[in-house]
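Examining the three-dimensional arrangement
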Amino acid sequence: MQTIAHSNVFEMLAADLDMSEGALRGRLALQGASEFVKYLRYHNISIFSHNMPMASELRDMGGNILINKDVPVEKYIESLLERYVVNPAFMTTSFSVQVSDEVLELYRLRVDGRIGRALEKVKNSGGKFKAFHEYVDGKTKVGKSLEGFLAKVMDNAKGTAVMLKMVRNIDSHMDMFSNSVYTTFLGLIISSMHLNRLSNLTDKEYFIHNMTFTTFMQYSGIFSGYAMEDSDAALKSHQSAQIAADLCRDPQVYRAILNRYCYKDENGIPVFNIQENAENPFMRILMTVNLFVDIVKKNKYTTGSIEIHKIMYELAYAGYADIDSVKLLGRLFLPAMKQQLLEYAFKLRQACPQKPLVWGITGDMMPVRLICDKECAYSGLHKTFIPERQSIVTDEGDFGVGNAAGIYYPCEFLTDKMRIYYNNLQKKD
């Protein structure tokens, strides 16, 4: 027998039924304790089909014992529920129950089922990530990786209890769950691309598991009910990081989740201009894919738009995203030649003291050029007028990157280098 902790009796009952705690409370108020218990027996929930003795005393908030330790839960369940009927505001302490391996397996199956149904909802919602889901299902094994991650997290009672708490709130946080899905799949694909150089299989499996934990569990504090979606960012990340500390115990995963909202420190220094953060692989991937997903969802860009990848390069060179992860995102979503040209354009830009803009254009085989607001000996005749600063909508903050308003001149020197590089790529193609 192992032990599972519950915050209240409705959380325990919700582990067996595909209903929220609120729905269970509502049904109890409508039916009364006796009829509600008949409903529970009809659905053959675990406390009736298996021996589940209390692993701790259950008390009311005044300290009075309601059910003693080692007493089966079912013995006093009706009298306990009657208290909620008489007083809907009635509360108890948290408690623990002893469960068999068979019950734990039933709980795991229910968690897998709820996550599976929620995943299908995300996939069927279409939108900008529809093609990405088709790619994930058809050409990758990340779905299997997620299944393996869930199995490993739930190989003990503590992990199973956490996942039970999380899945009960998926339906009320579907937008947040979809973010978790997108970032997890992106994180897994980018990790796999990055890890192709590793020969040690154990190292790869360890990295993939911890990367999945970082992305999939980044909102675990909210899903588990320890923080609200509109809570302070520090509280949300702290509660999720505590779950990471209990279940994962990798200090880099803990730090990545703890700081997932911190794209600047208290002095305004960008996150990846701080060495400790730049050396944390889970933090680099997490915060980069979070930005990518957020910008795609809230702006006009699609995943395959060169503009979104141009923005990601801007963010990376400003210290708000990881440049290696940005390059891998480009290789995932852009045609090979476009990605190579974009990567080369930013390499040229970084080498120039004036830091010209990498400017997307249409009607030309070469999709980007370099333009500059400083007129010099290399300036071309054609001018580009940008009427206002580019606005990027993101929940993660305003990073002050992008195109400033003004008149820009084409840099003939750097654009010629781009054209030579482009022609060489065409010959190789």
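Residues numbered from 1 in each chain as written. Predicted model: local features only at pLDDT ≥ 70, side-chain atom pairs only at ≥ 80, totals over all residues. Heavy atoms only, no water.

1. A few points about the overall build of the protein chain
The condition that has to hold: Only runs of H or I of at least four residues qualify as helices and only runs of E of at least two qualify as strands under DSSP, and these elements are numbered from the N terminus. Think of it in three bands: with a 1.4 Å probe and only protein chains considered, a residue is buried below 20% of the maximum accessible area for its type, exposed above 50%, and partly exposed in between. Every accessible area reported is derived by Shrake-Rupley at a probe size of 1.4 Å, with residue values counting cover from the shown protein chains alone. Asp and Glu are treated as the negative residues and Lys and Arg as the positive ones, with His and the ends of the chain left uncounted. By convention, charge coordinates are those of NZ in Lys, CZ in Arg, CG in Asp, or CD in Glu.
When helices and strands are counted, the protein chain shows 20 helices and eight strands. Each principal axis of the C-alpha distribution contributes one length, and for the protein chain these read about 90 × 45 × 40 Å. Taken over 429 residues, the protein chain has a buried fraction of 51%. Put simply, the protein chain shows about 20,400 Å² of open surface, and 50% of that area lies on carbon and sulfur atoms. Computing the positive centroid from 49 side-chain charges and the negative centroid from 49, the protein chain places the two 5 Å apart.

2. Describing empty space enclosed by the protein
Heads up, the condition is: Think of a 1 Å grid over just the protein atoms. A cavity is a set of points where a 1.4 Å probe fits yet cannot get out, a pocket is an open set with protein on both sides within 12 Å along at least five of seven lines, and lining residues have an atom within 4 Å of a point. Grid points are joined across faces, edges and corners, and a volume is the space filled by probe spheres set on the points. Residues are grouped as follows: Ala, Val, Leu, Ile, Met, Phe, Trp, Tyr, Cys and Pro are nonpolar; Asp, Glu, Lys and Arg are charged; all remaining types, including Gly, are polar.
A complete count under the given rule lists two cavities of 30 Å³ or more for this structure. When its volume is computed, the largest cavity comes out at roughly 80 Å³. Contributing to the lining of the largest cavity are I4, A5, H6, E11, A14, A15, R114, A161, L164, K165 and R168. When contributions to the lining of the largest cavity are tallied by element, the ones reaching two or more residues are strand 1 (2-6), helix 1 (9-14) and helix 9 (157-167). Residues belonging to the lining of the largest cavity are distributed by class as follows: six nonpolar, one polar and four charged. Computed from the structure, the second largest cavity encloses a volume of approximately 60 Å³. Residue lining of the second largest cavity: I115, M166, V167, I170, F177, S180, F216 and F223, and that is the complete set. Counting residues per element, the ones that place at least two in the lining of the second largest cavity are helix 9 and helix 10 (174-195). For the lining of the second largest cavity, the per-class residue count stands at seven nonpolar, one polar and no charged.

3. Examining unusual backbone geometry
A positive phi is found at R249, a non-glycine position, where the angle reads about 60 degrees. The exposed category is assigned to R249, whose relative accessible area is 64%. Phi at K355 takes a positive value of approximately 45 degrees, unusual for a residue other than glycine.

4. Points about the packing of helix 10 against helix 18 (residues 323-333)
This is how it is decided: Angles here are taken between N-to-C directions and fall from 0 to 180 degrees, while the axes themselves are lines fitted to C-alpha atoms, restricted in helices to the stretch in contact. Each angle gets one of four labels, with under 35 degrees taken as roughly parallel, over 145 as roughly antiparallel, 65 to 115 as roughly perpendicular, and the rest as oblique. For this analysis, residues touch if any pair of their heavy atoms sits within 4.5 Å.
Running from N to C, helix 10 and helix 18 cross one another at 100 degrees; their axes reach a closest spacing of 10 Å. Considering their axes alone, helix 10 and helix 18 lie roughly perpendicular with respect to each other. Only S325, L328, L329, R331, L332 and F333 of helix 18 make contact with helix 10, whose side of the interface consists of L186, I189, I190, M193 and H194. Here the contact of helix 10 with helix 18 is composed, by residue class, of eight nonpolar, two polar and one charged.

5. What about the environment of N179?
The residue N179 is located in helix 10 in this model. For the pair N179 and E396, spaced 217 residues apart in sequence, the C-alpha separation works out to 13 Å. If we skip the residues at most four places from it in the chain, N179 touches Y219, V293 and K297.

6. Remarks on helix 3 (residues 33-42)
This is how the line gets drawn: Arc definition: directions from the helix axis to the C-beta atoms.
Turning to helix 3, its buried residues number three or more, namely A33, F36, V37, Y39 and L40. Across the axial projection of helix 3, the buried residues extend over an arc of 155 degrees, all falling on one side. Where helix 3 ends, the next residue or the one after it, N44, has phi of about 50 degrees, a positive value.

7. Brief notes about the environment of P281
Along the chain, P281 falls in helix 16 (residues 281-298). Residue classification places P281 among the buried residues on the basis of a relative accessible area of 17%.

8. Brief notes about the sheet that holds strand 8 (residues 406-410)
Let me state the cut-off plainly: We call two strands paired when DSSP finds no fewer than two bridges between them.
Reading across the sheet, the four strands line up as 5-6-8-7 and stay open at both edges, with antiparallel pairing between neighbours. Unpaired on one side and paired on the other, strand 5 (357-360) and strand 7 (384-386) mark the two borders of the sheet. The average angle at which neighbouring strand axes cross in this sheet is 45 degrees, direction not considered. Across the face of the sheet, helix 20 (residues 412-428) comes into contact with strand 6 (368-372) and strand 8 while running at roughly 170 degrees to strand 6.

9. Considering the pairing of strand 6
Within strand 6, four of the five residues are buried, which leaves it mostly tucked inside the rest of the structure. Where strand 5 meets strand 6, four bridges bridge the pair, whose relative direction is antiparallel. Bridge pairing in strand 6 places W359 opposite R369. Two strands pair when backbone bridges link them, and strand 6 and strand 8 are joined in this way by two bridges, in the antiparallel orientation. Its bridge partner lying in strand 8, I371 is registered against P410.

10. Points about the side chain of D322
Note the threshold: Under this definition, polar contacts are N or O atom pairs within 3.5 Å; protein pairs additionally need one hydrogen-donor-capable and one acceptor-capable atom, and for neighbouring residues in sequence, both atoms have to be side-chain atoms.
Locating D322 in the fold gives a position in the loop between helix 17 (306-317) and helix 18. In this structure D322 comes out as buried when scored by relative accessible area, which is 9%. At 3.2 Å, the side chain of D322 forms a polar contact with the side chain of R284. Of note is the side chain of D322, whose polar atom sits 2.7 Å from the side chain of S325. Aside from chain neighbours lying at most four places away, what touches D322 is F272, R284, T288 and A316.

11. Digging into helix 13 (residues 233-247)
Using the following cut-off: A helix is expected to span 1.5 Å for every residue after the first.
For helix 13, which comprises 15 residues, the first-to-last C-alpha distance of 21 Å matches the rise-based estimate of 21 Å (1.5 Å per residue) to within 8%. Residues of helix 13 that are buried: K236, S237, Q239, S240, A241, I243 and A244. With a side-chain oxygen lying 3.0 Å from the backbone nitrogen of A234, the N-terminal cap of helix 13 falls on D232. Positive backbone phi, at 60 degrees, marks R249, one or two positions downstream of helix 13.

12. Focus: the packing of aromatic side chains
We apply this condition: Two rings from Phe, Tyr or Trp (for Trp, the six-membered ring) form a pair when their centres are within 6.5 Å of each other. A pair whose planes differ by under 30 degrees is stacked, one over 60 is edge-to-face, and the rest are tilted. Charge-over-ring contacts are defined here by two conditions on Lys NZ or Arg CZ: a distance within 6 Å of the ring centre and an angle within 35 degrees of the ring normal.
Within this structure, the stated rule accounts for 15 aromatic pairs. Between F132 and F333 the ring centres are 5.6 Å apart and the planes differ by 50 degrees, which places this aromatic pair in the tilted class. Note that F132 is positioned in helix 7 (residues 130-139) and F333 in helix 18, a separation of 201 residues in sequence. Relative accessible area serves as the criterion here: at 3%, F132 is assigned to the buried category. Geometrically, the ring pair formed by Y344 and Y421 is stacked, given 4.1 Å between the ring centres and 15 degrees between the ring planes. In this pair, Y344 is assigned in helix 19 (residues 336-351) and Y421 in helix 20, connecting sequence segments 77 residues apart. Across from the ring centre of Y39, 4.1 Å away, lies the NZ or CZ of R27, which sits over that ring. A cation over a ring is seen here: R260 above Y261, with NZ or CZ 4.0 Å from the ring centre.

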